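# Examining the three-dimensional arrangement
Chain by chain, the residues run as shown.
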Amino acid sequence: MTSSSSPSQDTKRLAQTYPEGLRADALMEEDVAWSHGNDSQWDGEQFDRSDRAALRRVAGLSTELEDVTEVEYRQLRLERVVLVGVWTSGTVQDAENSLAELAALAETAGALVLDGVVQRRDKPDAATYIGSGKAEELRDVVLETGADTVICDGELSPGQLIHLEDVVKVKVIDRTALILDIFAQHAKSREGKAQVALAQMQYMLPRLRGWGQSLSRQMGGGKGGGLATRGPGETKIETDRRRIREKMAKMRREIAEMKTGREIKRQERKRHKVPSVAIAGYTNAGKSSLLNRLTGAGVLVENALFATLDPTVRRAETPSGRLYTLADTVGFVRHLPHHLVEAFRSTMEEVGDSDLILHVVDGSHPVPEEQLAAVREVIRDVGATDVPEIVVINKADMADPLVLQRLLRVEKRAIAVSARTGQNIDELLALIDNELPRPSVEIEALVPYTHGKLVARAHDEGEVISEEHTPEGTLLKVRVHEELAAEFAPYVPAPLA
């Protein structure tokens, strides 16, 4: 019976057999041969050496302008950026799709994407995200393209940011900082600005860096100052952190006050038993376009990620005449920063308190299932899993028919529409009418003309089945909630004996 030699024994043998110059090549060949013979003893998927060593370029990401004069019409200063991602799982197409989405985010923020690279690893490097050797290759790519910023497709720790910047010699930001920057540009309302500012400070706090004067200490707190001081004072960076914490506490108080105002309006709608519908979905899936098509709200529509952030609530009416509210919410994205989820939690509660969710998905996207999964993850985070959901596959006029068939087959309650052309919008309205909760009590009453206010409430808060004007008053057959049914009770004819 023969026993296989270990890598350490092979190394000793090679040191005696090969001269110094050829020893490294021989070690590599021997290591590869040994690993092929013992792969069955290893846990997990083993990447090929060539795949692990490759810094793969992703084609088609450049957004560099051919005509330089177009720069004058851009609203923002264009930073020249190189994108870098770490491919840890899934297919190469998944990795390239993620980097393509990062390119769209960078362009939305006003950057000019020059190149994009993907590094295959088991997990991101703890020091430089892509490893020290690949970081040096990334520096060569930065020099070659003339970029001034590197954007990483993931959330980097403070140490990873520092070490990667030391190697590439240009500014490095991560996906979280990029999304926060887009939110800061697009927030318009007072509440939206406060929520974005809170998320930015939460992100900034552990990443403060100091040098020189930032690390100098203040005088101690001794009585009288000068020689009477006792102990070291806090450094300037500690003072900055304290001030940021104080600002964060102030922002949280302001957001809580604004939340109270929105809850009062929500309670008023609940008191009048007005059903609510929330539009949720991936960014740029067409939520605002759908809101405009259903209600004529006139909300900004733009082919850009996170074009609208502030929630919009509009009044709408079903084909049967029932009133309900339609709320447009902030768009979601894969790996939405947890700082934003926390800061926008009060806004996202519109989804949890609604009676129905219209989950809008971009039917023209290459992999719409990924969008559905990303949005549902955030819906779980805000505790809205019990709310009924209709999947609205938007942009049906541009979607692949096979993709539409696949989605309609997988999603049980789904409808394909086009907010741009109006395709199937009437069918969607009928579906909303069927899915909204209906009043529980059905009554028939003869209301005198002197109590017309009660008839108006039946139209606003209930569902009018039939209405007839007689000499004695208005004969109504309606479905209403229990409180309103009690007010109708005096006008309900007594049953015949």
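This write-up is about the structure you can find in this document.

Rules used in this analysis
Residues numbered from 1 in each chain as written. Predicted model: local features only at pLDDT ≥ 70, side-chain atom pairs only at ≥ 80, totals over all residues. Heavy atoms only, no water. Pairing = 2+ DSSP bridges. Helix = DSSP H or I, 4+ residues; strand = E, 2+ residues; numbered from the N terminus. Axes fitted to C-alpha atoms, helices over the stretch in contact; angles between N-to-C directions. Contact = heavy atoms within 4.5 Å. Phe/Tyr/Trp six-rings, centres within 6.5 Å; stacked < 30°, edge-to-face > 60°. Lys NZ or Arg CZ within 6 Å of the ring centre and 35° of its normal. Buried < 20%, exposed > 50% of the residue type's maximum accessible area, 1.4 Å probe, protein only. Core = buried A, V, L, I, M, F, W, Y, C linked by side-chain atoms within 4.5 Å. Salt bridge = Lys/Arg side-chain N within 4 Å of Asp/Glu carboxyl O.

Let us look at the sheet that holds strand β12 (residues 441-447). Neighbouring strands of a sheet are bound in pairs by backbone hydrogen bonds; such pairs are parallel or else antiparallel. Here we have 3 strands laid out as an open sheet, ordered β12-β14-β13, and antiparallel in their pairing. This sheet does not close on itself; its edge strands, each paired only once, are β12 and β13 (463-469). For this sheet, the mean angle separating the axes of adjacent strands, direction not counted, is 10°. The sheet contact formed by β13 and strand β14 (residues 474-480) spans 6 bridges and is antiparallel. Each bridged residue has a counterpart across the sheet, and for V464 the counterpart in β14 is V478. Strand contacts of helix α16 (residues 452-461): β12, β13 and β14, with the helix running at about 145° to β13, the strand carrying the most contacts.

What follows covers the packing of aromatic side chains. Tallied over the full model, the rule gives 0 aromatic pairs. A cation sits over an aromatic face here: R120 above W87, 4.4 Å from the ring centre.

Quick look at unusual backbone geometry now. One non-glycine residue, Y129, lies in positive phi territory at about 75°. Within the secondary structure, Y129 is located in the loop between β3 (111-120) and α5 (132-145). Although it is not a glycine, N424 adopts a positive phi angle of roughly 65°. Tracing the chain through its elements places N424 in the loop between β11 (414-416) and α15 (425-435). Using a relative accessible area of 28% as the deciding quantity, one classes N424 as partly exposed.

With 91 residues, the main nonpolar core has L83, V150, L358 and L428 as its most contacted residues. Non-local contacts of L83, meaning those with residues more than four positions away in its chain, are made with L61, L99, L102, A103, V113, D115, G116, V117 and I151. Ranked by size, the runner-up nonpolar core spans 12 residues in total, among them L454, A458, L476 and V478.

For the rest of this paragraph, the subject is the pattern of salt bridges. For the structure shown, the criterion picks out 16 salt bridges. Of the charged contacts in the structure, one is a salt bridge between E79 and K171, with a shortest N-O distance of 3.2 Å. Placement of E79 in strand β2 (residues 79-87) and of K171 in strand β5 (residues 171-174) is noted, with a sequence separation of 92 residues between them. Overall, the relative accessible area of 22% leaves E79 in the partly exposed class. A salt bridge links R413 to E435; its shortest N-O distance comes to 2.4 Å.

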